[in-house]
Amino acid sequence: MARIPSTDETFSSLFAAHHQELHAYCLRRLPVDDANDAAAEIFLTAWRRLKEIPSGDEARLWLYGVARNVVRNWTRSGRRRLRLVAKVGSLAPPRPEAPDIRVIRSEEHQEVIDAIANLRDSDQEVVRLKIWEGLSNAEVGVILDITDRAVEARYTRSIKKLHKLLAAPTATTTSSPFSSDREEAAS
């Protein structure tokens, strides 16, 4: 007879397998203190809903879905907090350092981050999930509750827009981070 793992064992293995990548997901989207709290909230939700979590790789995607909702709630909460500070105080609220800036500091990457910020919110999330998290179209589709084709369409549209934004000549940009080696060799 096969032994059924206890709730503690199930949660511990889920936490060990996915905490690092989900914490990194939060760090790329929130300030460090908020990211730490958000990661904890993700696993608090997982503990509370342990019986609802699918098994196998589906558990990872379920956790990403929870993470997406938690990060959105933290972001909304942060904006409300900043508006409240602005109303209460006569000074403008300090703008928190974007999590992207802490994670990626090179000028070239900053240009990409700035370009991504020009995309629609839903397209930004597709690009981030595919590139930063390394997820497939099917996995992104599960997290965002859209079809694989919709993921591919959003991703393709976003990459084309990013190419245009990054190809626009600026004083500091000499080449697009998305350009191929062939394009650079030809110039």
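Everything numeric here is computed off the predicted structure, so don't read it as measured data. (Residues numbered from 1 in each chain as written. Predicted model: local features only at pLDDT ≥ 70, side-chain atom pairs only at ≥ 80, totals over all residues. Heavy atoms only, no water.)

### Section: the overall build of the protein
- Regarding its fold elements, the protein presents nine helices and zero strands.
- Starting at the N terminus and ending at the C terminus, the protein contains elements arranged as α-α-α-α-α-α-α-α-α.
- Buried residues in the protein amount to 37% of all 187 residues.
- For the protein, long-range pairs separated by at least 24 residues make up 64% of all intrachain contacts whose partners lie at least 6 apart in sequence. (Helix = DSSP H or I, 4+ residues; strand = E, 2+ residues; numbered from the N terminus. Buried < 20%, exposed > 50% of the residue type's maximum accessible area, 1.4 Å probe, protein only. Contact = heavy atoms within 4.5 Å.)

### Some details on the nonpolar core
- Of all hydrophobic cores here, the largest spans 41 residues; its most connected members are Cys26, Ile42, Ala46, Leu63 and Leu129.
- Among the secondary structure elements, those contributing two or more residues to this core are helix H1 (7-27), helix H2 (32-48), helix H3 (57-88), helix H5 (107-116), helix H6 (121-132), helix H7 (137-144) and helix H8 (148-167).
- In terms of residue count, the dominant contributor to this core is H3 (10 residues).
- Here Leu63 is in contact with Leu14, His18, Leu22, Ile42, Phe43 and Ala46, once residues within four sequence places are set aside. (Core = buried A, V, L, I, M, F, W, Y, C linked by side-chain atoms within 4.5 Å.)

### Let's talk about unusual backbone geometry
- Positioned with a positive phi, Asp145 is a non-glycine residue whose angle comes to about 60 degrees.
- Looking at the secondary structure, you find Asp145 in the loop between H7 and H8.

### Remarks on the packing of aromatic side chains
- One pass over the full model with this rule turns up five aromatic pairs.
- Their ring planes at 80 degrees and their centres at 6.3 Å tell us that Phe11 and Phe43 sit as a pair that is edge-to-face. Placement of Phe11 in helix H1 and of Phe43 in helix H2 is noted, with a sequence separation of 32 residues between them.
- Relative accessible area serves as the criterion here: at 4%, Phe43 is assigned to the buried category.
- For the pair Phe11 and Trp47, a centre-to-centre distance of 5.3 Å together with 85 degrees between the ring planes defines the contact as edge-to-face. In this pair, Phe11 sits in helix H1 while Trp47 sits in helix H2, placing the two residues 36 residues apart along the sequence.
- Looking at Trp47, the relative accessible area reads 38%, which means it is partly exposed.
- Each residue in the set Phe11, Phe15, Phe43 and Trp47 is aromatic and connected to the rest through ring pairs, giving one cluster.
- When the ring centre of Tyr25 is taken as origin, the NZ or CZ atom of Arg29, which lies over that ring, is 3.7 Å away. (Phe/Tyr/Trp six-rings, centres within 6.5 Å; stacked < 30°, edge-to-face > 60°. Lys NZ or Arg CZ within 6 Å of the ring centre and 35° of its normal.)

### Digging into the pattern of salt bridges
- One pass over the structure, following the stated rule, counts nine salt bridges.
- The residue Arg60 makes a salt bridge to Glu139 at a minimum N-O spacing of 3.1 Å. With a gap of 79 residues between them, Arg60 in helix H3 and Glu139 in helix H7 connect regions that are remote in the sequence.
- Under the relative-accessibility criterion, Arg60 is labelled buried at 14%.
- Relative accessible area serves as the criterion here: at 14%, Glu139 is assigned to the buried category.
- Among the charged side chains, a salt-bridge network with shared partners connects Glu21, Asp57, Arg60 and Glu139. (Salt bridge = Lys/Arg side-chain N within 4 Å of Asp/Glu carboxyl O.)

### Thoughts on the environment of Val127
- Position of Val127 relative to the elements: it lies in helix H6.
- In this structure the C-alpha to C-alpha distance between Val127 and Tyr155, which are 28 residues apart in sequence, comes to 6.1 Å.
- Non-local contacts of Val127, meaning those with residues more than four positions away in its chain, are made with Ile116, Leu119, Trp132, Tyr155, Ser158 and Leu162.

### Quick notes on H7
- Burial runs high along H7: six of the eight residues are buried.
- When we look at burial in H7, the residues that qualify are Asn137, Glu139, Val140, Gly141, Ile143 and Leu144.
- At the C-terminal side of H7, Asp145 shows a positive phi close to 60 degrees.

### Things to note about a positive patch on the surface
- Judged by side-chain charge, Arg72, Arg76, Arg79 and Arg80 come together as a positively charged surface patch.
- Tracing the chain through its elements places Arg76 in helix H3. (Patch = residues over 30% accessible without salt bridge, like charges linked within 9 Å, V, L, I, M, F, W, Y side chains within 5 Å. Areas by Shrake-Rupley, 256 points an atom, 1.4 Å probe, with all protein chains shown as cover. Lys, Arg positive; Asp, Glu negative; His and termini not counted. Charge placed at Lys NZ, Arg CZ, Asp CG, Glu CD.)

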